[in-house]
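What the coordinates show
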Amino acid sequence: MSMDVTFLGTGAAYPSPTRGASALVLRCEGECWLFDCGEGTQTQLMKSQLKAGRITKIFITHLHGDHFFGLPGLLCTISLQSGSTVTKQPIEIYGPAGLRDFIWRTMELSHTELVFPYVVHELVPTADQCPTEELKDFVHVNRADSPPKDGQGRTILLDSEENSYLLVDDEQFVVKAFRLFHRIPSFGFSVMEKKRPGKLNAQKLKDLGVPPGPAYGKLKNGISVVLENGVTISPQDVLKKPIVGRKICILGDCSGVVGDGGVKLCFEADLLIHEATLDDAQMDKAKEHGHSTPQMAAAFAKLCQAKRLVLTHFSQRYKPVALAREGETDGIVELKKQAESVLDLQEVTLAEDFMVIGIPIKK
Ligand SMILES: [Zn+2]
Ligand SMILES: [Zn+2]
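Report follows, based on the coordinates. (Residues numbered from 1 in each chain as written. Chains lettered and ligands numbered in written order. Predicted model: local features only at pLDDT ≥ 70, side-chain atom pairs only at ≥ 80, totals over all residues. Heavy atoms only, no water.)

This next bit is on the pairing of strand β5 (residues 91-96). Burial runs high along β5: 5 of the 6 residues are buried. Here strand β4 (residues 55-59) pairs with β5 via 3 bridges, running parallel. Residue pairing in the sheet places Lys57 in a bridge with Glu92 of β5. On the question of chirality, the crossover connecting β5 to the parallel strand β6 (residues 118-123) by way of helix α4 (residues 99-109) is right-handed. (Buried < 20%, exposed > 50% of the residue type's maximum accessible area, 1.4 Å probe, protein only. Helix = DSSP H or I, 4+ residues; strand = E, 2+ residues; numbered from the N terminus. Pairing = 2+ DSSP bridges. Right-handed = clockwise from strand over helix to strand, strands pointing away.)

Before going further, it helps to examine the side chain of Thr41. One can find Thr41 in helix α1 (residues 41-47). Those residues in contact with Thr41, other than ones at most four positions away along the chain, are Leu8, Ser22, Ala23 and Leu34. (Contact = heavy atoms within 4.5 Å.)

A separate point is helix α3 (residues 71-82). Here α3 is 12 residues long and its end C-alpha atoms lie 16 Å apart, about the 16 Å a rise of 1.5 Å per residue gives. Every buried residue belonging to α3 is among Leu71, Pro72, Leu74, Leu75, Thr77, Ile78, Ser79 and Ser82, and all of these are buried. On its buried face, α3 is in contact with β3 (31-35), α1, β4, α2 (65-68), β5 and α4. The positive-phi residue at the C-terminal boundary of α3 is Gly83, with phi of around 55 degrees. (Expected span 1.5 Å × (residues − 1).)

Okay, the coordination of the zinc ion (ligand 2) next. Binding of the zinc ion (ligand 2) to the protein goes through His62 (NE2), His64 (ND1), His182 (NE2) and Asp253 (OD), at separations of 2.2 to 2.3 Å. Seen from the zinc ion (ligand 2), its 4 donor atoms lie at angles of 89 to 166 degrees, and the figure they make is irregular. Mapped onto the sequence, the donors of the zinc ion (ligand 2) take the spacing H-x1-H-x117-H-x70-D. If you look at the zinc ion (ligand 2) and the zinc ion (ligand 1), they sit 3.5 Å from each other and are both ligated by Asp253. With His62 in the loop between β4 and α2 and Asp253 in the loop between β13 (247-251) and β14 (256-257), the pair connects residues that are 191 residues apart, well separated along the chain. Looking at Asp253, the relative accessible area reads 2%, which means it is buried. (Donors = N, O, S within 2.8 Å, 3.2 Å for Na, K, Ca; no water. Tetrahedral: all angles 85-135°; square planar, octahedral: opposite > 155°, others 65-115°.)

Attention shifts here to the packing of helix α10 (residues 294-304) against helix α11 (residues 332-342). Packing of α10 against α11 leaves a shortest axis separation of 8 Å and a crossing angle of 35 degrees. Considering the relative orientation of α10 and α11, their crossing is right-handed. Contacts between α10 and α11 involve Pro294, Gln295, Ala298, Ala299 and Lys302 from the first element and Leu335, Gln338, Ala339 and Val342 from the second. Taken together, the residues of the contact of α10 with α11 break down into 6 nonpolar, 2 polar and 1 charged. (Axes fitted to C-alpha atoms, helices over the stretch in contact; angles between N-to-C directions. Left-handed = near helix turned anticlockwise from the far one by under 90°. Nonpolar A, V, L, I, M, F, W, Y, C, P; charged D, E, K, R; others polar.)

Below, the discussion takes up the pattern of salt bridges. For the structure shown, the criterion picks out 18 salt bridges. Residue Lys362 pairs with Asp270 through a salt bridge whose shortest N-O separation is 3.3 Å. One end of the pair, Lys362, is in the segment after β18 (356-358); the other, Asp270, is in the loop between α8 (261-266) and β15 (271-275), and 92 residues separate them in sequence. With relative accessibility at 25%, the residue Lys362 sits in the partly exposed group. Between Lys336 and Glu340 there is a salt bridge whose closest N-O contact spans 3.2 Å. Note that Lys336 and Glu340 are positioned in helix α11 at a spacing of 4 residues, about one turn of the helix. When salt bridges that share partners are traced, they join Glu133, Glu134 and Arg183 into one network. (Salt bridge = Lys/Arg side-chain N within 4 Å of Asp/Glu carboxyl O.)

All right, on to the coordination of the zinc ion (ligand 1) then. For the zinc ion (ligand 1), every protein donor is listed as Asp66 (OD), His67 (NE2), Asp253 (OD) and His313 (NE2), and the spread of their distances is 2.1 to 2.3 Å. One can describe the site at the zinc ion (ligand 1) as irregular: its 4 donor atoms subtend angles covering 89 to 166 degrees at the metal. Linear spacing of the donor residues for the zinc ion (ligand 1) on their chain is D-H-x185-D-x59-H.

Contact geometry for α3 and α4: axes closest at 10 Å, N-to-C directions at 55 degrees. In terms of their interaxial angle, α3 and α4 are classed as oblique. Where α3 crosses over α4, the handedness of that crossing is right-handed. Mapping the contact onto sequence places Leu71, Pro72, Leu75 and Cys76 in α3 and Leu99, Phe102, Ile103, Thr106 and Met107 in α4. (Parallel < 35°, antiparallel > 145°, perpendicular 65-115°, else oblique.)

With that settled, the discussion passes to the pairing of strand β2 (residues 23-28). Looking along a regular strand, one sees the side chains alternate between the two faces of the sheet. In terms of burial, β2 is a largely internal element, 5 of the 6 residues being buried. As paired elements, strand β1 (residues 3-9) and β2 share 6 bridges and run antiparallel to each other. Counted as the bridge partner of Met3 is Cys28 from β2. In this sheet, β3 lies alongside β2 in antiparallel orientation, the contact comprising 5 bridges. Among the inter-strand pairings, Val25 is bridged to a residue of β3, identified as Leu34. Between β2 and β3, which pair antiparallel and follow one another directly, the connecting turn spans 2 residues, one of which, Glu29, has a positive phi of 50 degrees.

Next up, the structure:
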C-alpha cells in the first residue's frame, strides 16, 4: 500500500508567496488525510497533485489562525465541486475543543449548506498545555444556539493511563493524539499502520499439498484448515513474515511535550514531522512564544529514536533553499545543520511547499 506525505504549507504565522500557512496531506492508497488547514490551503491543494475531494479526515493541531483559518473555505469549495456526487461517509474532523462551534458558526453566518455531512470530534486539553493566563474554558459552546449535539462527533478526553487520546481504530490504522505545550493547547498526532499478515508462500502450500481454493483464503485470514488426509495446516506454516506497520507522527506548534504520551507514541517513528520556527540562536525567544528550534526538535527525535526527522513551520524570514542568498549564515541551511549536529549527522529534511515524501513498506 503506497503512502506519502505532501507538504502544502511550511511557514509560520501567515501564508507568504514562498511558504504557505501550515497544512500537509498524508495519502494512503488515494485517500487523503489533511493535517492542519491554514489560510490558503485550498489554493495550495489546487497547485499540488492532490484532489481536495479525496479528503476523508481532517486533523487540526491547535486553534491558532495559521493552522485552521483555511477550513471553512476549503469545506465550501469541496462542497461546490462535489456536484451531485455526494459522498455518504461524513468527513471526520478532529481538533481541540471549540472547533465544532467555530465551523458550525461560520457555516451558519454565511448561510452555507454543505452538500456532504461532517462530524467534529473534539479533544479536551488539560490545563498544563499552556501558560495559565492563556487558558480558556469552553463553557460558551454549550449555549442554547450552539451546534446540535446529535450526530456531531465525540468529545474525547485524555486517557490518563496512556497519556493519549484515541481518535481512530479501524482495520488499517490506529490514530492517537498526545499533548504539547504551546501558547494555547496544542496536540501531536501519531498515525500507526496495523501489522498485516504476510503473503502466502506458494511453494510451502504446494509442498504441504494444500489444494488451491477456499483453503488459501482461510489460511490468509489466519484460520487453520484440515486437509482430506486429516493433516491440519496452520496459517504460520504457510504465511510469510507479517508486514510491519509504518508510523507517521505530526506535531503541532510546541516548545515541548506534556507527559510521556508523545515519546511513547512517536517511538521509532518512520517519519517525525516537528516544527522549528526559529534557529538555535533564538531559543529563548522561541520558547517564550511556545515554539521550538532545530536543536529542540532533534532532541525530541533522538529521544524517540525516530528514523527520519522533517522540520517545518519556519518563520517566514527563512526562504526555501533555492531562494536562499549565497553565503548566508543565518538562513534555512543553518537550521538543518543545527538539527543534524544533535542527531550525530543523521540527515534531517527541511520541508518546503509541495515537497512529497514517500514512506516505503518496511522490509
Ligand atoms: Zn503556527
Ligand atoms: Zn501556534
